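Each chain, written out:
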Amino acid sequence: MRSYAFLIAFCFYVHDLYGVDLDIEGEFEFELRSFFHESFYDQARNNYASISSLIELGIYGDNDKHALIIKTFVRGDSGDSRRSHGDLREAKYRYVNGDFELTLGVDKVFWGVAEFVHLVDIINQTDFVESVDGEQKLGQTMMRASYVSKIGTFTGFFMPEFKPRNFSESDGRPMADFLVDTSREFYQSSDGRNHHDFAFRYNNSFDVWDLGLSYFKGTSREPLLVKENLIADLIVPYYPQREQFSVDIQATLDSWLLKLEALKQSEVSTSIGRLVAGFEYTYYGIFHSFSDLGIVVEYMWDERKLEAPTLFNNDIGLGLRWSANDTDSTVLLAGTIYDLETSSMALFLEAERRLSNQLKLSFEARFQISVEEQDRILYPLRNEDFLRLQVTYYF
(Lines give C-alpha, C1' and ligand atoms only; values in the text may rest on other atoms or scores of the structure.)
Protein backbone atom coordinates (compact mmCIF):
# COMPACT_ATOMS: atom_id res chain seq x y z
CA MET A 1 0.00 0.00 0.00
CA ARG A 2 2.87 2.38 0.74
CA SER A 3 4.23 1.89 -2.79
CA TYR A 4 0.82 2.77 -4.30
CA ALA A 5 0.56 5.91 -2.14
CA PHE A 6 4.09 6.93 -3.11
CA LEU A 7 3.34 6.37 -6.81
CA ILE A 8 0.18 8.49 -6.68
CA ALA A 9 1.96 11.26 -4.76
CA PHE A 10 4.81 11.19 -7.27
CA CYS A 11 2.37 11.46 -10.19
CA PHE A 12 0.73 14.54 -8.69
CA TYR A 13 4.19 16.02 -8.14
CA VAL A 14 5.11 15.41 -11.79
CA HIS A 15 1.75 16.86 -12.86
CA ASP A 16 2.36 20.09 -10.92
CA LEU A 17 6.00 20.38 -11.93
CA TYR A 18 5.79 19.62 -15.65
CA GLY A 19 2.16 20.34 -16.46
CA VAL A 20 1.39 16.90 -17.87
CA ASP A 21 -2.12 15.45 -17.87
CA LEU A 22 -2.91 12.99 -15.08
CA ASP A 23 -5.81 10.52 -15.22
CA ILE A 24 -6.82 8.05 -12.51
CA GLU A 25 -9.79 5.71 -12.96
CA GLY A 26 -10.76 2.23 -11.97
CA GLU A 27 -13.33 -0.11 -10.51
CA PHE A 28 -14.15 -2.06 -7.37
CA GLU A 29 -16.15 -5.25 -7.67
CA PHE A 30 -18.02 -7.48 -5.24
CA GLU A 31 -18.66 -11.02 -6.49
CA LEU A 32 -20.65 -14.05 -5.34
CA ARG A 33 -20.23 -17.50 -6.91
CA SER A 34 -22.46 -20.48 -6.18
CA PHE A 35 -21.85 -24.05 -7.41
CA PHE A 36 -24.72 -26.55 -7.61
CA HIS A 37 -22.82 -29.81 -7.04
CA GLU A 38 -20.28 -30.98 -4.50
CA SER A 39 -16.65 -30.78 -5.57
CA PHE A 40 -14.33 -33.74 -6.01
CA TYR A 41 -12.26 -32.31 -3.14
CA ASP A 42 -13.33 -31.83 0.49
CA GLN A 43 -11.48 -28.50 0.80
CA ALA A 44 -13.66 -26.86 -1.87
CA ARG A 45 -16.90 -25.04 -1.12
CA ASN A 46 -20.18 -24.50 -2.93
CA ASN A 47 -20.27 -20.75 -2.25
CA TYR A 48 -17.53 -18.12 -2.55
CA ALA A 49 -17.39 -14.36 -2.07
CA SER A 50 -14.64 -12.07 -3.29
CA ILE A 51 -13.71 -8.46 -3.88
CA SER A 52 -11.43 -7.11 -6.57
CA SER A 53 -10.04 -3.82 -7.81
CA LEU A 54 -8.73 -2.67 -11.18
CA ILE A 55 -6.99 0.72 -11.04
CA GLU A 56 -5.55 2.56 -14.04
CA LEU A 57 -3.24 5.53 -13.79
CA GLY A 58 -2.18 7.47 -16.87
CA ILE A 59 0.32 10.29 -17.29
CA TYR A 60 0.13 11.97 -20.70
CA GLY A 61 2.59 14.44 -22.19
CA ASP A 62 2.21 17.08 -24.88
CA ASN A 63 -0.41 16.04 -27.49
CA ASP A 64 -0.35 12.50 -26.04
CA LYS A 65 2.98 11.93 -27.80
CA HIS A 66 4.37 10.43 -24.59
CA ALA A 67 2.32 8.39 -22.13
CA LEU A 68 2.93 6.29 -19.03
CA ILE A 69 0.06 3.92 -18.23
CA ILE A 70 -0.16 1.60 -15.21
CA LYS A 71 -3.07 -0.79 -14.62
CA THR A 72 -3.11 -3.08 -11.58
CA PHE A 73 -5.53 -5.89 -10.71
CA VAL A 74 -6.01 -7.47 -7.26
CA ARG A 75 -8.59 -9.97 -6.00
CA GLY A 76 -9.20 -11.41 -2.55
CA ASP A 77 -11.37 -14.55 -2.31
CA SER A 78 -13.07 -15.97 0.78
CA GLY A 79 -12.04 -19.56 0.14
CA ASP A 80 -10.13 -19.99 -3.14
CA SER A 81 -6.43 -19.57 -2.33
CA ARG A 82 -5.27 -19.34 -5.95
CA ARG A 83 -7.99 -16.83 -6.82
CA SER A 84 -6.63 -14.47 -4.19
CA HIS A 85 -4.03 -13.00 -6.48
CA GLY A 86 -2.80 -9.88 -8.21
CA ASP A 87 -1.40 -9.03 -11.61
CA LEU A 88 0.18 -6.07 -13.30
CA ARG A 89 -2.12 -5.93 -16.32
CA GLU A 90 -0.29 -2.94 -17.84
CA ALA A 91 2.80 -0.90 -16.94
CA LYS A 92 3.95 0.67 -20.18
CA TYR A 93 5.57 3.67 -21.75
CA ARG A 94 3.99 4.64 -25.08
CA TYR A 95 5.55 6.92 -27.68
CA VAL A 96 3.56 8.08 -30.73
CA ASN A 97 5.05 10.08 -33.57
CA GLY A 98 2.82 10.35 -36.61
CA ASP A 99 2.41 6.89 -38.12
CA PHE A 100 4.92 5.28 -35.73
CA GLU A 101 4.11 3.94 -32.26
CA LEU A 102 6.45 2.31 -29.72
CA THR A 103 5.34 0.56 -26.51
CA LEU A 104 7.73 -0.67 -23.80
CA GLY A 105 6.72 -2.59 -20.67
CA VAL A 106 3.76 -4.76 -19.66
CA ASP A 107 0.73 -4.63 -21.94
CA LYS A 108 -2.35 -6.51 -23.19
CA VAL A 109 -3.02 -7.20 -26.87
CA PHE A 110 -6.11 -8.75 -28.43
CA TRP A 111 -6.34 -10.49 -31.82
CA GLY A 112 -9.39 -12.11 -33.38
CA VAL A 113 -13.03 -11.67 -34.39
CA ALA A 114 -14.87 -14.81 -33.16
CA GLU A 115 -17.37 -14.93 -30.29
CA PHE A 116 -17.01 -18.35 -28.63
CA VAL A 117 -13.26 -18.89 -28.84
CA HIS A 118 -10.44 -16.44 -29.63
CA LEU A 119 -8.33 -18.87 -31.58
CA VAL A 120 -5.57 -16.59 -32.90
CA ASP A 121 -5.22 -14.52 -29.69
CA ILE A 122 -1.83 -15.74 -28.44
CA ILE A 123 0.20 -12.84 -27.06
CA ASN A 124 -1.17 -12.78 -23.49
CA GLN A 125 -1.58 -15.71 -21.14
CA THR A 126 -5.12 -16.60 -19.97
CA ASP A 127 -5.95 -15.72 -16.36
CA PHE A 128 -7.53 -19.11 -15.80
CA VAL A 129 -8.64 -18.60 -12.18
CA GLU A 130 -10.52 -15.42 -13.12
CA SER A 131 -12.76 -16.80 -15.84
CA VAL A 132 -13.33 -20.14 -17.56
CA ASP A 133 -14.22 -18.51 -20.90
CA GLY A 134 -10.67 -17.27 -21.56
CA GLU A 135 -11.70 -13.60 -21.70
CA GLN A 136 -9.43 -12.47 -18.86
CA LYS A 137 -5.72 -12.17 -19.65
CA LEU A 138 -2.50 -11.63 -17.69
CA GLY A 139 -0.18 -8.76 -18.55
CA GLN A 140 2.73 -9.58 -20.88
CA THR A 141 6.16 -7.94 -20.86
CA MET A 142 6.95 -6.77 -24.37
CA MET A 143 8.45 -4.30 -26.76
CA ARG A 144 5.96 -3.46 -29.51
CA ALA A 145 6.54 -1.26 -32.55
CA SER A 146 3.82 -0.35 -35.08
CA TYR A 147 3.86 1.54 -38.35
CA VAL A 148 0.72 2.67 -40.16
CA SER A 149 1.28 2.76 -43.92
CA LYS A 150 -0.95 3.26 -46.95
CA ILE A 151 -1.17 -0.50 -47.40
CA GLY A 152 -1.90 -1.40 -43.76
CA THR A 153 -0.49 -1.51 -40.25
CA PHE A 154 2.66 -3.52 -39.50
CA THR A 155 3.43 -4.48 -35.89
CA GLY A 156 6.38 -6.36 -34.43
CA PHE A 157 6.60 -7.87 -30.93
CA PHE A 158 9.52 -8.94 -28.76
CA MET A 159 8.63 -10.71 -25.50
CA PRO A 160 11.60 -11.41 -23.18
CA GLU A 161 9.76 -13.47 -20.55
CA PHE A 162 6.85 -15.86 -20.21
CA LYS A 163 3.97 -16.09 -17.75
CA PRO A 164 2.65 -19.61 -17.08
CA ARG A 165 -1.08 -20.28 -16.78
CA ASN A 166 -2.57 -20.28 -13.28
CA PHE A 167 -4.73 -23.18 -12.05
CA SER A 168 -6.95 -23.68 -9.01
CA GLU A 169 -5.87 -25.62 -5.93
CA SER A 170 -8.09 -28.23 -4.26
CA ASP A 171 -9.96 -25.43 -2.41
CA GLY A 172 -10.89 -23.60 -5.61
CA ARG A 173 -13.52 -23.89 -8.31
CA PRO A 174 -14.28 -24.53 -11.13
CA MET A 175 -12.09 -27.58 -10.55
CA ALA A 176 -11.52 -30.75 -12.55
CA ASP A 177 -11.31 -34.21 -11.00
CA PHE A 178 -7.51 -33.92 -10.98
CA LEU A 179 -4.99 -31.44 -9.57
CA VAL A 180 -2.53 -29.43 -11.66
CA ASP A 181 0.80 -29.01 -9.85
CA THR A 182 2.20 -25.74 -11.21
CA SER A 183 5.32 -26.08 -9.05
CA ARG A 184 6.46 -28.91 -11.35
CA GLU A 185 5.84 -27.12 -14.65
CA PHE A 186 8.47 -27.82 -17.30
CA TYR A 187 9.39 -26.46 -20.71
CA GLN A 188 10.66 -27.69 -24.03
CA SER A 189 13.14 -24.82 -24.08
CA SER A 190 16.00 -24.92 -21.60
CA ASP A 191 15.42 -21.18 -21.07
CA GLY A 192 12.11 -21.92 -19.36
CA ARG A 193 10.26 -18.71 -18.45
CA ASN A 194 13.12 -16.62 -19.86
CA HIS A 195 12.70 -17.76 -23.45
CA HIS A 196 12.50 -14.88 -25.93
CA ASP A 197 9.30 -14.92 -28.02
CA PHE A 198 8.64 -13.03 -31.24
CA ALA A 199 5.49 -12.12 -33.17
CA PHE A 200 4.51 -10.10 -36.22
CA ARG A 201 1.10 -8.86 -37.33
CA TYR A 202 -0.32 -7.12 -40.37
CA ASN A 203 -3.86 -5.73 -40.40
CA ASN A 204 -5.88 -3.58 -42.77
CA SER A 205 -9.41 -2.83 -43.93
CA PHE A 206 -10.58 -3.25 -47.51
CA ASP A 207 -14.08 -1.92 -48.14
CA VAL A 208 -16.29 -4.23 -46.00
CA TRP A 209 -13.40 -6.55 -45.09
CA ASP A 210 -11.14 -6.41 -42.02
CA LEU A 211 -8.04 -8.58 -42.39
CA GLY A 212 -5.38 -9.69 -39.90
CA LEU A 213 -2.32 -11.83 -40.68
CA SER A 214 -0.15 -12.96 -37.78
CA TYR A 215 2.99 -14.93 -37.03
CA PHE A 216 4.16 -16.16 -33.62
CA LYS A 217 7.26 -18.09 -32.55
CA GLY A 218 7.87 -18.88 -28.91
CA THR A 219 6.50 -20.66 -25.85
CA SER A 220 2.93 -21.91 -26.28
CA ARG A 221 0.38 -20.20 -24.04
CA GLU A 222 -1.63 -23.45 -23.99
CA PRO A 223 0.12 -25.99 -21.71
CA LEU A 224 -0.11 -29.70 -22.33
CA LEU A 225 -1.27 -31.41 -19.13
CA VAL A 226 0.91 -34.46 -18.46
CA LYS A 227 0.13 -37.13 -15.85
CA GLU A 228 2.77 -37.58 -13.14
CA ASN A 229 3.58 -41.30 -12.97
CA LEU A 230 4.17 -41.36 -9.22
CA ILE A 231 0.82 -39.87 -8.19
CA ALA A 232 -2.33 -41.05 -9.95
CA ASP A 233 -4.40 -37.86 -9.96
CA LEU A 234 -1.57 -35.31 -10.20
CA ILE A 235 -1.07 -33.46 -13.49
CA VAL A 236 1.85 -31.18 -14.40
CA PRO A 237 1.84 -28.52 -17.17
CA TYR A 238 4.31 -28.81 -20.04
CA TYR A 239 4.96 -25.78 -22.27
CA PRO A 240 6.24 -26.69 -25.75
CA GLN A 241 7.68 -24.32 -28.31
CA ARG A 242 5.18 -23.22 -30.95
CA GLU A 243 5.38 -21.67 -34.39
CA GLN A 244 2.04 -20.34 -35.58
CA PHE A 245 0.70 -18.69 -38.74
CA SER A 246 -2.83 -17.31 -38.48
CA VAL A 247 -5.45 -15.26 -40.29
CA ASP A 248 -8.58 -13.52 -39.01
CA ILE A 249 -11.17 -11.99 -41.33
CA GLN A 250 -14.42 -10.18 -40.73
CA ALA A 251 -16.85 -8.85 -43.34
CA THR A 252 -19.58 -6.35 -42.46
CA LEU A 253 -22.53 -6.68 -44.86
CA ASP A 254 -25.47 -4.62 -43.58
CA SER A 255 -26.98 -6.79 -40.83
CA TRP A 256 -24.45 -9.59 -41.35
CA LEU A 257 -21.03 -10.12 -39.79
CA LEU A 258 -19.07 -12.95 -41.41
CA LYS A 259 -16.15 -14.21 -39.31
CA LEU A 260 -13.17 -16.51 -39.77
CA GLU A 261 -10.15 -17.34 -37.63
CA ALA A 262 -7.77 -20.02 -38.88
CA LEU A 263 -4.24 -21.08 -38.01
CA LYS A 264 -1.51 -23.60 -38.66
CA GLN A 265 0.61 -24.41 -35.63
CA SER A 266 3.72 -26.54 -35.22
CA GLU A 267 4.73 -27.93 -31.83
CA VAL A 268 6.02 -31.22 -30.38
CA SER A 269 7.09 -32.33 -33.88
CA THR A 270 3.55 -32.09 -35.25
CA SER A 271 1.78 -29.57 -37.47
CA ILE A 272 -1.98 -29.18 -37.16
CA GLY A 273 -4.74 -26.88 -38.39
CA ARG A 274 -7.50 -25.20 -36.39
CA LEU A 275 -10.32 -22.84 -37.31
CA VAL A 276 -13.49 -21.13 -36.17
CA ALA A 277 -15.91 -19.79 -38.76
CA GLY A 278 -19.40 -18.38 -38.56
CA PHE A 279 -21.66 -15.37 -38.71
CA GLU A 280 -23.71 -12.95 -36.63
CA TYR A 281 -26.98 -11.58 -37.96
CA THR A 282 -28.71 -8.70 -36.18
CA TYR A 283 -32.44 -7.89 -36.28
CA TYR A 284 -32.67 -4.16 -35.56
CA GLY A 285 -35.69 -2.72 -33.76
CA ILE A 286 -37.42 -6.04 -33.06
CA PHE A 287 -41.19 -5.81 -32.46
CA HIS A 288 -41.01 -2.11 -33.36
CA SER A 289 -38.92 -1.40 -30.24
CA PHE A 290 -35.49 0.16 -29.72
CA SER A 291 -33.91 -3.23 -28.93
CA ASP A 292 -31.86 -5.45 -31.25
CA LEU A 293 -31.51 -9.22 -31.42
CA GLY A 294 -28.36 -10.83 -32.76
CA ILE A 295 -28.02 -14.50 -33.81
CA VAL A 296 -24.50 -15.94 -33.53
CA VAL A 297 -23.50 -19.23 -35.19
CA GLU A 298 -19.92 -20.53 -35.19
CA TYR A 299 -18.24 -23.80 -36.04
CA MET A 300 -15.00 -24.69 -34.18
CA TRP A 301 -12.63 -27.32 -35.55
CA ASP A 302 -9.31 -28.84 -34.52
CA GLU A 303 -7.52 -31.34 -36.75
CA ARG A 304 -6.76 -33.53 -33.71
CA LYS A 305 -10.46 -34.02 -32.91
CA LEU A 306 -10.81 -35.98 -29.62
CA GLU A 307 -7.03 -35.98 -29.14
CA ALA A 308 -6.98 -32.18 -29.00
CA PRO A 309 -5.92 -30.74 -25.59
CA THR A 310 -8.47 -27.94 -26.07
CA LEU A 311 -12.20 -27.75 -25.44
CA PHE A 312 -13.26 -26.83 -28.98
CA ASN A 313 -12.30 -29.55 -31.47
CA ASN A 314 -15.46 -30.26 -33.51
CA ASP A 315 -18.15 -28.07 -31.99
CA ILE A 316 -21.07 -25.86 -32.94
CA GLY A 317 -21.76 -22.68 -30.97
CA LEU A 318 -25.20 -21.04 -31.08
CA GLY A 319 -26.03 -17.78 -29.33
CA LEU A 320 -28.61 -15.03 -29.00
CA ARG A 321 -27.54 -11.50 -28.05
CA TRP A 322 -30.29 -9.06 -27.01
CA SER A 323 -29.43 -5.38 -26.62
CA ALA A 324 -32.10 -3.11 -25.14
CA ASN A 325 -30.29 0.02 -26.38
CA ASP A 326 -31.55 1.80 -23.28
CA THR A 327 -29.83 4.32 -21.03
CA ASP A 328 -28.84 1.47 -18.68
CA SER A 329 -26.96 -0.47 -21.42
CA THR A 330 -28.91 -3.67 -20.78
CA VAL A 331 -27.44 -6.67 -22.65
CA LEU A 332 -28.28 -10.38 -22.53
CA LEU A 333 -26.29 -13.19 -24.17
CA ALA A 334 -27.52 -16.80 -24.09
CA GLY A 335 -26.06 -19.74 -25.94
CA THR A 336 -25.04 -23.35 -26.18
CA ILE A 337 -21.99 -25.25 -27.38
CA TYR A 338 -22.59 -28.72 -28.80
CA ASP A 339 -19.76 -31.23 -29.36
CA LEU A 340 -20.31 -33.11 -32.64
CA GLU A 341 -17.84 -35.82 -31.58
CA THR A 342 -19.24 -36.72 -28.14
CA SER A 343 -22.73 -35.10 -28.12
CA SER A 344 -21.76 -33.18 -24.96
CA MET A 345 -23.66 -29.93 -24.50
CA ALA A 346 -23.03 -26.84 -22.37
CA LEU A 347 -25.33 -23.86 -21.81
CA PHE A 348 -24.42 -20.35 -20.70
CA LEU A 349 -26.20 -17.12 -19.89
CA GLU A 350 -24.61 -13.69 -19.42
CA ALA A 351 -26.40 -10.44 -18.61
CA GLU A 352 -25.44 -6.95 -17.48
CA ARG A 353 -27.19 -3.69 -16.69
CA ARG A 354 -26.11 -0.35 -15.32
CA LEU A 355 -27.74 0.57 -12.03
CA SER A 356 -26.41 4.14 -12.15
CA ASN A 357 -23.61 6.08 -13.80
CA GLN A 358 -21.12 4.36 -11.49
CA LEU A 359 -22.74 1.00 -10.69
CA LYS A 360 -23.18 -2.07 -12.91
CA LEU A 361 -24.83 -5.42 -12.17
CA SER A 362 -23.59 -8.53 -14.02
CA PHE A 363 -24.87 -12.11 -13.99
CA GLU A 364 -23.40 -15.31 -15.42
CA ALA A 365 -24.61 -18.92 -15.39
CA ARG A 366 -22.97 -22.02 -16.89
CA PHE A 367 -24.47 -25.52 -17.04
CA GLN A 368 -23.50 -28.83 -18.58
CA ILE A 369 -26.61 -30.59 -19.83
CA SER A 370 -24.95 -33.78 -20.97
CA VAL A 371 -21.29 -34.77 -20.77
CA GLU A 372 -20.00 -38.00 -22.22
CA GLU A 373 -17.04 -39.78 -20.61
CA GLN A 374 -15.06 -39.82 -23.85
CA ASP A 375 -15.02 -36.02 -23.74
CA ARG A 376 -11.69 -35.89 -21.89
CA ILE A 377 -11.70 -32.09 -21.59
CA LEU A 378 -15.27 -31.43 -20.43
CA TYR A 379 -15.95 -34.64 -18.48
CA PRO A 380 -13.51 -33.81 -15.62
CA LEU A 381 -15.53 -30.59 -15.11
CA ARG A 382 -18.93 -32.30 -15.00
CA ASN A 383 -19.70 -31.12 -11.43
CA GLU A 384 -18.90 -27.44 -12.01
CA ASP A 385 -22.23 -25.83 -12.94
CA PHE A 386 -22.36 -22.41 -11.30
CA LEU A 387 -23.94 -18.97 -10.99
CA ARG A 388 -21.99 -15.74 -10.61
CA LEU A 389 -23.25 -12.32 -9.55
CA GLN A 390 -21.10 -9.17 -9.71
CA VAL A 391 -21.69 -5.59 -8.62
CA THR A 392 -19.08 -3.18 -10.01
CA TYR A 393 -18.45 0.39 -8.90
CA TYR A 394 -16.61 2.64 -11.37
CA PHE A 395 -14.74 5.81 -10.51
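Note that this is a predicted model, so its numbers are computed, not measured. (Residues numbered from 1 in each chain as written. Predicted model: local features only at pLDDT ≥ 70, side-chain atom pairs only at ≥ 80, totals over all residues. Heavy atoms only, no water.)

**Student:** Is there a simple way to explain the overall build of the protein in this structure?
**Tutor:** For the protein, the count of helices and strands is one helix and 22 strands. Here the C-alpha radius of gyration of the protein, 22 Å, is about what a compact globule of 395 residues would show, namely 21 Å. Principal axes of the C-alpha set define a box for the protein whose edges measure 65 × 60 × 45 Å. Counting all 395 residues of the protein, 46% fall into the buried class. (Helix = DSSP H or I, 4+ residues; strand = E, 2+ residues; numbered from the N terminus. Rg over C-alpha atoms; globule rule 2.2 N^0.38 Å. Buried < 20%, exposed > 50% of the residue type's maximum accessible area, 1.4 Å probe, protein only.)

**Student:** Sorry, what's going on with empty space enclosed by the protein here?
**Tutor:** Inspection of every chain in the model, using the stated rule, returns one cavity of 30 Å³ or more. Of the pockets and cavities examined, the largest cavity occupies roughly 40 Å³. The class makeup of the residues in the lining of the largest cavity is three nonpolar, three polar and two charged. (1 Å grid on protein atoms, 1.4 Å probe; cavity = no way out; pocket = protein on both sides within 12 Å on 5 of 7 lines; lining within 4 Å. Points joined across faces, edges and corners; volume = space filled by probe spheres on them. Nonpolar A, V, L, I, M, F, W, Y, C, P; charged D, E, K, R; others polar.)

**Student:** Sorry if this is basic, but what is going on with the nonpolar core here?
**Tutor:** For soluble globular proteins, the rule of thumb is that nonpolar side chains tend to be buried together. In terms of nonpolar packing, the biggest core is built from 12 residues, these being A114, F116, V117, L119, L263, V276, V296, M300, F312, L333, I337 and F348. Looking at this core, the elements that each hand over two or more residues are β17 (292–302) and β19 (331–339). Apart from the residues within four sequence positions on either side, V276 is in contact with A114, V117, L119, K259, L260, E261, E298, Y299 and M300. In terms of nonpolar packing, the next biggest core, distinct from the first, is built from 10 residues, V109, V120, I122 and M142 among them. (Core = buried A, V, L, I, M, F, W, Y, C linked by side-chain atoms within 4.5 Å. Contact = heavy atoms within 4.5 Å.)

**Student:** I keep staring at the environment of S170 and nothing clicks. Help me out?
**Tutor:** As for its placement among the helices and strands, S170 is situated in the loop between β7 (152–159) and β8 (179–180). Residue S170 is classed as buried on the basis of its relative accessible area of 14%. Between the alpha carbons of S170 and S81 there is a distance of 9.0 Å; along the sequence they are 89 residues apart. Those residues in contact with S170 that sit more than four places away from it in its chain are Y41, Q43, A44 and L179. Of note is the side chain of S170, whose polar atom sits 3.4 Å from the side chain of Q43. (Polar contact = N/O pair within 3.5 Å; in protein donor to acceptor, adjacent residues only side chain to side chain.)

**Student:** Honestly, the pairing of strand β3 (residues 66–77) in this entry has me stumped. Any pointers?
**Tutor:** Two faces, one strand: in a regular strand the side chains alternate between the faces of the sheet. Pairing between strand β2 (residues 47–60) and β3: 11 bridges, direction antiparallel. Residue pairing across strands places L57 opposite I70, the latter belonging to β3. Following β2, the chain reverses through five residues before pairing antiparallel with β3; N63 in that reversal takes a positive phi of roughly 55°. Strand direction decides the pairing type here: β3 and strand β4 (residues 85–97), joined by 10 bridges, are antiparallel. In the strand pairing of β4, T72 is matched with L88. (Pairing = 2+ DSSP bridges.)

**Student:** I tried to follow the side chain of E130 on my own but got confused; where do I start?
**Tutor:** Mapping E130 onto the fold places it in the loop between β5 (100–107) and β6 (140–149). The exposure class assigned to E130 is buried, which follows from its relative accessible area of 7%. The residues contacting E130, other than those within four sequence positions of it, are F73, R75, R83, H85, R89, Q136 and R388.

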